[in-house]
Amino acid sequence: MLKKSFKSNAVLTPELIHPNFFKMKKTHPHTSFKRQANFKDSVALTASDIEHRKRWAIRQVSMIANIPSNAVLGA
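Just so it is clear, the structure is predicted and the values come from calculations on it, not from any experiment. (Residues numbered from 1 in each chain as written. Predicted model: local features only at pLDDT ≥ 70, side-chain atom pairs only at ≥ 80, totals over all residues. Heavy atoms only, no water.)

(A) Looking closely at the overall build of the protein chain. Summing up its helical and strand segments, the protein chain has two helices and two strands in all. Listed N to C, the secondary structure of the protein chain is β-α-α-β in terms of helices and strands. A buried classification covers 1% of the 75 residues belonging to the protein chain. Of the roughly 7,800 Å² that the protein chain leaves accessible, carbon and sulfur atoms contribute 62%. (Helix = DSSP H or I, 4+ residues; strand = E, 2+ residues; numbered from the N terminus. Buried < 20%, exposed > 50% of the residue type's maximum accessible area, 1.4 Å probe, protein only. Areas by Shrake-Rupley, 256 points an atom, 1.4 Å probe, with all protein chains shown as cover.)

In C-alpha cells:
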C-alpha cells in the first residue's frame, strides 16, 4: 500500500478572513437545500459493523494526528 504524505503550509490569520464572511448570505444550493430524511429502507447495524466502525474511527484519528503540518494559526 502506497502512503502519501501531505504537508500543510496554511496560514490562518484573522487578517485573511473577509470582514463580512460570516455575515454574508450563503446562496450556494448545497448550503440551502435541506434533504428530507428517509428511514423506511434503513436496516439496523450489526454488532460487528459497529465494532468495525469504531476501529476505523480510531485508526483515522491516529493517522490524522501523525500528518505533519506547519500551519500557523492566528490569534
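There's plenty left to go through after this.
(B) Spotlight on the confidence of the model for the protein chain. Summary statistics for the protein chain give a mean pLDDT of 75 and a share of 56% for residues scoring 70 or more. Considering each helix and strand of the protein chain separately, the mean pLDDT is smallest for helix α1 (residues 29-32), with a value of 63, and largest for helix α2 (residues 47-65), with 91. (pLDDT = per-residue confidence, 0-100.)

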